[in-house]
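Structural features, examined
Each chain, letter by letter, is given below.
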Amino acid sequence: MKNKIPTSSVSQILVYSCSAIVILLLLFTWYEVQFNTPNVWTMLSETELTNKFPLSENTRDELIENSDIHFKYHNSLITVLSVTIASLGVMLTFAAFYIQYLFNARQKEDLSKERFENQYFHLLDVLRDICQNIYVPNVGKGKIAFHYMFYEYKAIYNMVVRKGILKDNDPASINSFSFKIFIDGVSPGFIPEFNESIINKEDLNSFIEYLLDKQSQSENNGINGISDSGVRYIMDYRGKRIKYFDGHRLRLVHYFNYMLLILKYITENEIEDDGKELNMMDYLRGELTEHEMGLFYAYIKCYEDKCSNESIRRVERLLDTSLIVNKYKFDNSKFVPHY
């Protein structure tokens, strides 16, 4: 959406300009009357004077001198006043139509802004519904589920760092590996495929077995003497028989895609109100917890090769807020300790 038309400024300029032109026309009329018209009557021939005023010469001169008949042809006072009034009428008509045009344009932009805001807040309502319907068994739903999912992702990231199983210890590589495990989950007999340039097959199999063991402990806690030893960063959920590392694709992918849709809608319909941007990003940030933003950042970085550069810039703009949010980004030095 374009900037609003500054109707007040344009109207003021138009009024001042018309006022100046009117003053100039009045000065011109005064000048014509004051300096040109008294002598116009002398342009009449003696014959014309005799025909018009069949009086004695002195009486005729006195009558003409005190009469209103001082003009002839285009130099008459009536002609000058007619031009002045006509010019003024044209200017006022133009000014009226132009101000009406500005008003209509402003009204159109106001309606467009209102439609944008109504649609935007409807999108936020749908996002809230999606969030509230995300459910993790034995954990809860909504923001509570996001709290658990974020720390499960962080637990996987921490184990990858601590065990040193990747050939490349770059945070982006660790995130790509960890987030794919987090989003797809692990299960007996299923071994995810990763390029051997990132991790040896033996190390991958060993790591998956370790995760499956932790999953079994939690899921079967208290059954046949099995005890949940817990996992760092999700120790608060220990003993609740949660199925760790079970995958969250069905819960999160549509949520992330909808977030990208909202960001696209914001950036393609930005508003400026009296020179100040009405930043809809702030409303969206207000809907999200740090855990949601941290997972969203990890997701977009994990699959950035499949996302457009514009989508990545939108997400970075959303998350470029404060140190509080930065602590939840995987590439922050304080995210997990590097051994």
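Residues numbered from 1 in each chain as written. Predicted model: local features only at pLDDT ≥ 70, side-chain atom pairs only at ≥ 80, totals over all residues. Heavy atoms only, no water.

Focus: the overall build of the protein chain
Note the cut-off: Numbering of helices and strands starts at the N terminus; helices are DSSP runs of H or I of at least 4 residues and strands are runs of E of at least 2. By definition, residues are in contact when any of their heavy atoms lie within 4.5 Å. The protein chains shown are the only cover counted for residues, whose accessible areas, like all others here, come from Shrake-Rupley with a 1.4 Å probe.
Of the regular secondary structure elements, the protein chain holds twelve helices and four strands. Long-range contacts, defined here as pairs at least 24 residues apart, represent 73% of the contacts in the protein chain between residues at least 6 apart. Here the protein chain displays about 19,500 Å² of accessible surface, and carbon together with sulfur accounts for 54% of that area.

Some remarks on the nonpolar core
Counted only if it meets this: Only buried Ala, Val, Leu, Ile, Met, Phe, Trp, Tyr and Cys residues count toward a nonpolar core, and they belong to the same one when joined by side-chain atoms within 4.5 Å. The classification of residues rests on relative accessible area computed with a 1.4 Å probe and restricted to protein chains. Under 20% of the type maximum is buried, over 50% is exposed, and intermediate values are partly exposed.
Met 149, Phe 177, Phe 179, Tyr 255 and Leu 284 are the most contacted members of the largest nonpolar core, which totals 77 residues. Secondary structure elements with two or more residues in this core: α4 (77–132), α5 (143–163), α6 (171–184), α7 (201–219), α8 (249–268), α9 (280–287), α10 (290–302) and α11 (309–319). Element by element, the count of residues in this core is highest for α5, at 13 residues. Once residues lying within four places of it in the same chain are set aside, the contact partners of Met 149 are Ile 134, Val 136, Phe 182, His 248, Arg 251, Leu 252 and Leu 295.

What to know about the environment of Cys 307
Within the secondary structure, Cys 307 sits in the loop between α10 and α11. Overall, Cys 307 belongs to the buried group, its relative accessible area being 18%. Setting aside chain neighbours within four positions, we find Cys 307 in contact with Ile 300 and Ile 312.

Thoughts on the packing of aromatic side chains
Cut-off, in case you're wondering: Any pair of Phe, Tyr and Trp rings, taking the six-membered ring for Trp, is counted once the centres come within 6.5 Å. Such a pair is stacked with planes under 30 degrees apart, edge-to-face with planes over 60 apart, and tilted for the rest.
Summed over all chains, the structure comprises 24 aromatic pairs. For the ring pair Phe 177 and Phe 207, a centre distance of 6.0 Å and an interplane angle of 45° mean the geometry is tilted. Residue Phe 177 is found in helix α6, and its partner Phe 207 is found in helix α7; the two are separated by 30 residues along the sequence. For Phe 177, a relative accessible area of 1% puts it in the buried group. Here Phe 207 falls in the buried class, since its relative accessible area comes to 2%. On the basis of an interplanar angle of 35° and a centroid distance of 5.4 Å, the ring pair of Tyr 297 and Phe 330 is categorised as tilted. Of the two residues, Tyr 297 is situated in helix α10 and Phe 330 in the segment after α12 (323–326); the sequence distance between them amounts to 33 residues.

Here we look at the pattern of salt bridges
Where we set the bar: Take a side-chain nitrogen of Lys or Arg and a carboxyl oxygen of Asp or Glu: if they are within 4 Å of each other, that pair is a salt bridge.
Here the structure, examined in full by the defined rule, presents nine salt bridges. Glu 292 is paired through a salt bridge with Lys 143; the nearest N and O atoms lie 2.5 Å apart. Within this pair, whereas Glu 292 is found in helix α10, its partner Lys 143 is found in helix α5, the two being separated by 149 residues in sequence. For Glu 292, a relative accessible area of 1% puts it in the buried group. The class of Lys 143 is partly exposed, set by a relative accessible area of 32%. As a salt-bridge pair, Arg 313 and Glu 310 come within 2.8 Å of each other at their nearest N and O atoms.

Notes on unusual backbone geometry
When glycine is set aside, most residues are seen to have a negative phi, and most peptide bonds are trans. Phi at Arg 241 is positive, roughly 60°, even though this residue is not glycine. Of note, Arg 241 is situated in the loop between α7 and α8. Phi at Phe 245 takes a positive value of approximately 55°, unusual for a residue other than glycine. With respect to the element layout, Phe 245 can be found in the loop between α7 and α8. Owing to a relative accessible area of 0%, Phe 245 belongs among the buried residues under this scheme.

Section: the environment of Phe 146
Locating Phe 146 in the fold gives a position in helix α5. Of the residues examined, Phe 146 reaches a relative accessible area of 0% and is grouped as buried. With 143 residues separating them in the primary sequence, Phe 146 and Thr 289 have C-alpha atoms 8.5 Å apart. Other than its neighbours up to four places away in sequence, Phe 146 contacts Cys 131, Ile 134, Leu 252, Tyr 255, His 291, Glu 292 and Leu 295.

Observations concerning α7
Heads up, the rule is: Every helix has an expected span of 1.5 Å times one less than the residues it contains.
The end-to-end C-alpha distance of α7, which contains 19 residues, comes to 27 Å, matching closely the 27 Å that a straight helix rising 1.5 Å per residue would cover. Of the residues making up α7, those classed as buried are Leu 204, Phe 207, Ile 208, Leu 211, Leu 212, Lys 214, Gln 215, Gln 217 and Ser 218. Contacts from the buried residues of α7 go to α5 and α6.

Description of the packing of α6 against α10
What counts here: Working convention: axes come from line fits to C-alpha atoms, limited for helices to the stretch in contact. Angles between N-to-C directions cover 0 to 180 degrees. Roughly parallel covers angles under 35 degrees, roughly antiparallel covers those over 145, roughly perpendicular covers 65 to 115, and oblique covers all other angles. Handedness of a crossing is defined here by the sense of rotation of the near helix relative to the far one, left-handed for an anticlockwise turn of less than a right angle and right-handed for a clockwise turn. Classification used: nonpolar for Ala, Val, Leu, Ile, Met, Phe, Trp, Tyr, Cys and Pro, charged for Asp, Glu, Lys and Arg, polar for all others including Gly.
Remark: α6 packs on α10, axes separated minimally by 9 Å, with the N-to-C direction vectors making an angle of 110°. Judged by the inter-axis angle, α6 sits roughly perpendicular to α10. Here the hand of the crossing between α6 and α10 comes out left-handed. For the pair formed by α6 and α10, the contact residues are Asn 175, Ser 176, Phe 179, Lys 180 and Phe 182 on the first element and Leu 295, Ala 298, Tyr 299, Lys 301 and Cys 302 on the second. In terms of residue class, the contact of α6 with α10 is made up of six nonpolar, two polar and two charged.

Things to note about the confidence of the model for the protein chain
Here is the rule we go by: Values of pLDDT, which run from 0 to 100, indicate the predictor's confidence residue by residue.
Confidence along the protein chain averages 79 in pLDDT terms, with 73% of residues attaining 70 or more. Mean pLDDT per element in the protein chain: strand β4 (residues 276–278) is the minimum at 45, and strand β1 (residues 135–136) is the maximum at 96. Counted against residues more than four places away or in other chains, residues 38–42, with its pLDDT under 50, gives nine contacts.

Notes on the side chain of Lys 329
The topology assignment puts Lys 329 in the segment after α12. When neighbours within four sequence positions are excluded, Lys 329 is seen to be in contact with Tyr 297, Leu 319 and Phe 335.

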